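# Coordinates in review
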Amino acid sequence: DGVGSLGLNNRRFQDLYLSGGVNATSFELTGSGNRGVQITTANTDIGYINFGDPQDTNAGLIAYDHAVDGLYIRTGGSERMRIAASGSVGIGTSSPNNNIQIKTAYDASAYRMRIDSSGRVGIGTSSPATTLDVAGSGAEIAIRDTRNITWTLGDTVASLGFYSNDTSGSSGSTPNLARGAIDLVATSTFGSTHDMVFKTRGDVSTGAVEQLRITSA
């Protein structure tokens, strides 16, 4: 019409290419009922929406790869996220094999932490074999007390407790109490010397008691 609008009514185009003097700010589908945009390709091809600017014609992209049934998103010309056919989501990786898998941008081949579909946590490993699996050269788990106080002799500075959800017996009536523990206890008011205390608990409703002590002497 007089303002240069283009109307399509039951028309099919193999390709519709707008360039040159076209000045459009939006693409709008109107009418009653649901509306959508369909991109259909061959079984092994890719359907995509590309975002560009004068400096970079391929700055961003949303694409569906029919060869692998995967949806992926690119920014800055590189793939950033992919949803695989299985529903797994990968950020920083194009082949996620967990529900959510994240790889660091500075070292895409190195895993920092992974939680697999069984709930197992791996730190330094991509295939945790236990509930918590820490791997590395000289791997260490640190338990650090951040208080800077005057201690009372026998105060627990840090502790590693062992619990059970078993409700049988007297001990089962208090599952919030540790069945066993390894405690670091203060032997000076300044917290400069410590003993390591090992505790266990019988079939009682009270807490674990000391069975072995290694002193700092």
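Let us look at the structure shown here.

Conventions we followed
- Residues numbered from 1 in each chain as written.
- Predicted model: local features only at pLDDT ≥ 70, side-chain atom pairs only at ≥ 80, totals over all residues.
- Heavy atoms only, no water.
- Helix = DSSP H or I, 4+ residues; strand = E, 2+ residues; numbered from the N terminus.
- Contact = heavy atoms within 4.5 Å.
- Areas by Shrake-Rupley, 256 points an atom, 1.4 Å probe, with all protein chains shown as cover.
- Salt bridge = Lys/Arg side-chain N within 4 Å of Asp/Glu carboxyl O.
- Buried < 20%, exposed > 50% of the residue type's maximum accessible area, 1.4 Å probe, protein only.
- Pairing = 2+ DSSP bridges.
- Axes fitted to C-alpha atoms, helices over the stretch in contact; angles between N-to-C directions.
- Polar contact = N/O pair within 3.5 Å; in protein donor to acceptor, adjacent residues only side chain to side chain.

Right, let's get into the overall build of the chain. Within the chain one finds 0 helices and 13 strands. Ordered by position from N to C terminus, the α and β elements of the chain give β-β-β-β-β-β-β-β-β-β-β-β-β. Taking as baseline every contact in the chain between residues at least 6 positions apart, the subset at least 24 positions apart corresponds to 18%. Of the accessible surface of the chain, which amounts to about 16000 Å², a share of 51% is contributed by carbon and sulfur atoms.

Taken as a whole, this structure holds 6 salt bridges when the rule is applied. Put simply, R147 and D145 hold a salt bridge, and the shortest N to O gap is 2.7 Å. Notably, a salt bridge pairs K199 with D183, separated by 2.9 Å at the nearest N-O pair. Of the two residues, K199 sits in strand β12 (residues 194–200) while D183 sits in strand β11 (residues 180–186), which places them 16 residues apart along the sequence. For K199, a relative accessible area of 24% gives the class partly exposed. Where salt bridges share partners, they join D195, E210 and R213 into one cluster.

What follows deals with the sheet that holds strand β10 (residues 156–162). Read from one edge to the other, the open sheet built from 4 strands follows the order β10-β11-β12-β13, with strand pairing classed as antiparallel. Each edge of the open sheet carries a strand with a single partner, namely β10 and β13 (209–214). In this sheet, neighbouring strand axes are inclined to one another by 20° on average, regardless of whether the strands run parallel or antiparallel. Sheet topology note: the β10/β11 ladder contains 6 bridges and is antiparallel. Across the sheet, residue F162 finds its bridge partner in β11, namely G180.

Further remarks concern unusual backbone geometry. In the Ramachandran plot, D69 falls in the positive-phi region, its phi being about 55° despite a non-glycine side chain. For D69, a relative accessible area of 40% translates into the label partly exposed.

D183 gets classed as buried once you look at its relative accessible area, which sits at 4%. A polar atom in the side chain of D183 sits 2.9 Å from the side chain of K199.

Attention now moves to the sheet that holds strand β7 (residues 113–115). Pairing in this open sheet of 3 strands is mixed, and the strands run β7-β8-β9 from one edge to the other. The open sheet is flanked by β7 and β9 (132–134), the only strands paired with a single partner. Shown here is a sheet whose adjacent strand axes are inclined to one another by a mean of 10°, direction ignored. Summarising the sheet, strand β8 (residues 121–123) and β9 pair through 3 bridges and their orientation is parallel. Each bridged residue has a counterpart across the sheet, and for I123 the counterpart in β9 is V134.

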